[in-house]
Every structure is written in structure tokens, then in C-alpha cells.
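An overview of the molecular structure
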Amino acid sequence: MLKLIWQSELAAAADSGYRIVSEESRNPLGYFLLGMVYYSISTQFRTDRYLDSVTWNLDRAIELAKVRVDTVGAPAESYFLLGSAYGCRALYRSMHGGWWGAFRDGHHSCVNLEEAYRNDSSLTDALMGIGAYHYWKSAKSKSITWLPFVGDKREKGLAELRRAIDAQGMMSPNAYRALLPIYYHEKRYEDALLLSDTLAAAGLFDTNCQLHAIRCLIELEKWDRAEELLLEVRVKWEASPYADSCSFSELQLLQAQILAGSGHVSQARTLLKNLLQLKDACDHDAYFQDTRSRANKVLRQLS
């Protein structure tokens, strides 16, 4: 069984966050750690059950970190913390339809992380957030990259992520994981699977990474491997207190795609229709809305 280091990392971060908040209520680090933990749980299990906890803690972290940055002679670490909190909130807002807010937070994140790195070049962890921002800003705005203030910085972003990985800092594992959705977006499915093997060997293959790997296997029509990995995720979710019925809709969608690709189209249609019937119970959940949108697309393709 893989040693999922991310679980112990999250537990340690949560413990540290609660301790810091209880000891010093105006320290932004504790709130950032708690917001990051709740955000990580949300993405691991595709659930909005912790929406209020994510937003409240990140909002508080940003509020307090801005006070520190506004202090004359603020250390590079203060800029790094503020940039990291903005970056985490940008990711969460992007899933919840707040594209303008996500874009604005991403910009603030990059500005503060660049300031941190400029003041202290040993803070190579800042390159992860900078690289992710440069890549995804270009990728999501590719229709207007000809504008001088946008440009195409995807390769620059990838290079910055690789520098963060090579530096072997605290965020290096996260920089590795950040490449998976990028490779999927670039349709570099084989590269994504090679990276998945590397992450698995290092004990860093969390369920979010597994979901990306399953999607790549589906695109490559490797149905048996996709089914095997999907079963692993299902077992973990069933044993977890964090996944709910809305979470499992994502696994239903992936199962339907595997069934359809394996020639069981009728079963796939039935599974997708059952998934879509969860609309009334789960439509409040942004992760389910994303799953439902993709499920509708797959069902139209099977009609």
C-alpha cells in the first residue's frame, strides 16, 4: 500500500494551524495553514462541505498578512505568506465561478511571491506559485495572448515550476503535483502517467493526482488500468469521513466513461442518467456542477 505522505502533512499543518491561532490570534500563518488544509480536503474529495472554513480562514490570513506586509521593512517571508494565501484563494475561487476574483487574486499572489523571491532568492518555493500563475493565466486566456499585457507565458511558467522542483524546497512535492493538471490540459497524457509513477514511488500520489491519472488513462483508452486505479480511489473514499454522495458523482462519471470505452454503452448511459438525477440534492456543490457539466457532454456523445 502506498504511503500517502500528504495525509500526515495535512494533519501536521492542521495541528500547527490550530496551535498558532490559539497562541497568537493575529498571526496569519495559522489561518493560512487551516485554509490550505480545508482547501486540500475539498479538492481531494471534490466536496464543498468545507466551503465556509476555506473562505473564512483564507480571508483572515490575507487580511492579517497584508498588515504585516504594509509594515516598513517587512521580511520576505511576509510577502511569501501573503502571496501563498492569495494563490490558494485564487484556486478556490476559480472552481466556484468567481473568475474575476480568481484572476485578481492570482495577480496579487504573483506580485507578492515575486517580491518575496526578489528579497530572498533562497525562497525558491515562491517559484511554484509564480510558475503556476504564469502558466494558467496564459492557458486560460489563450484566445487573447496576442495582447501585449497578456502574452503567452506557458513555457516560462513550466520552467519556473521545474526550478521549484529542482530546488527541493518544502513546496517541491506540490510543484511536482501541479504539473499533472498541466500535462492533462496540454494533452501530454503519457508524460502525465510517467509523472504519476514517479509520484507513486515517492508516496506522493494523493487521490487528486489519481483522478488526473484516471482521466489520462481514459484518453489513452487504457481501460483496465483506469478501472484498477478508480477502484483504489473508491476504496479510499469509502473509508474516509470526508467524501459524500455528491463527491462520488465524479467516480460515477469516470466509471461511465470506462464502461462506454469498453463497449458497455447502455450501462454507461444508465450510470450517467443516475448521476444527473442528483441535481436537486447536489447542485449547491461547485464540484458536482463541474462533474454534471462533463457528464452531460459525455451523455450527448453517447446518444
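Here is a short report on the structure shown in this document.

How each quantity is defined
Residues numbered from 1 in each chain as written. Predicted model: local features only at pLDDT ≥ 70, side-chain atom pairs only at ≥ 80, totals over all residues. Heavy atoms only, no water. Helix = DSSP H or I, 4+ residues; strand = E, 2+ residues; numbered from the N terminus. Rg over C-alpha atoms; globule rule 2.2 N^0.38 Å. Contact = heavy atoms within 4.5 Å. Phe/Tyr/Trp six-rings, centres within 6.5 Å; stacked < 30°, edge-to-face > 60°. Buried < 20%, exposed > 50% of the residue type's maximum accessible area, 1.4 Å probe, protein only. Lys NZ or Arg CZ within 6 Å of the ring centre and 35° of its normal. Salt bridge = Lys/Arg side-chain N within 4 Å of Asp/Glu carboxyl O. Disulfide = S-S within 2.5 Å.

So, about the overall build of the protein chain. What the protein chain contains, in helices and strands, is 15 helices and 0 strands. Taking 303 residues into account, the globule formula puts the C-alpha radius of gyration at 19 Å, and the protein chain, at 20 Å, falls close to it. Dimensions of the protein chain, computed from C-alpha atoms along their principal axes, come out at roughly 65 × 45 × 35 Å. A fraction of 59% describes how many contacts in the protein chain between residues 6 or more apart in sequence connect residues 24 or more apart.

To continue, consider the packing of aromatic side chains. Tallied over the full model, the rule gives 10 aromatic pairs. Centre to centre, the rings of Phe 45 and Tyr 242 are 5.5 Å apart; their planes meet at 45°, and the pair counts as tilted. Of this pair, Phe 45 sits in helix α2 (residues 28-45) while Tyr 242 sits in the loop between α11 (223-238) and α12 (248-261), placing them 197 residues apart in sequence. Assessed through its relative accessible area of 6%, Phe 45 is described here as buried. Taking relative accessible area as the criterion, Tyr 242 reaches 31% and is therefore assigned partly exposed. For the ring pair Tyr 135 and Trp 136, a centre distance of 4.9 Å and an interplane angle of 90° mean the geometry is edge-to-face. Grouped by ring-pair contacts, the aromatic residues Tyr 38, Phe 45, Tyr 50, Trp 237, Tyr 242 and Phe 248 constitute a single cluster. Here Arg 60 stacks its cationic end above the ring of Tyr 31, 5.7 Å away from the centre of that ring.

In this section: the pattern of salt bridges. Scanning the model with the defined rule gives 17 salt bridges in all. The partner of Glu 250 in a salt bridge is Arg 46, with the nearest N and O atoms 3.2 Å apart. On the criterion of sequence distance, the pair formed by Glu 250 in helix α12 and Arg 46 in the loop between α2 and α3 (51-69) is long-range, its members being 204 residues apart. Residue Glu 250 shares its accessibility class with Arg 46, and that shared class is buried. Within this structure, Arg 46, Arg 215, Glu 250, Asp 290 and Arg 294 form a network of salt bridges that share partners.

Moving on to the state of the cysteines. Summed over all chains, the structure comprises 1 disulfide. Between the sulfur atoms of Cys 246 and its disulfide partner Cys 282 the distance amounts to 2.2 Å. Given an S-S torsion of about -85°, the disulfide between Cys 246 and Cys 282 has left-handed geometry. Within this pair, whereas Cys 246 is found in the loop between α11 and α12, its partner Cys 282 is found in helix α14 (residues 279-282), the two being separated by 36 residues in sequence. As far as burial versus exposure is concerned, Cys 246 and Cys 282 are alike and both buried. The cysteine Cys 110 is free of any disulfide, with Cys 88 supplying the nearest cysteine sulfur at 16 Å.

Take unusual backbone geometry next. With a phi close to 60°, Lys 187 is a non-glycine residue in the positive phi region. As for its placement among the helices and strands, Lys 187 is situated in the loop between α8 (172-185) and α9 (189-201). Residues other than glycine seldom take positive phi values, yet Glu 221 does so here, at roughly 60°. Within the secondary structure, Glu 221 sits in the loop between α10 (207-219) and α11.

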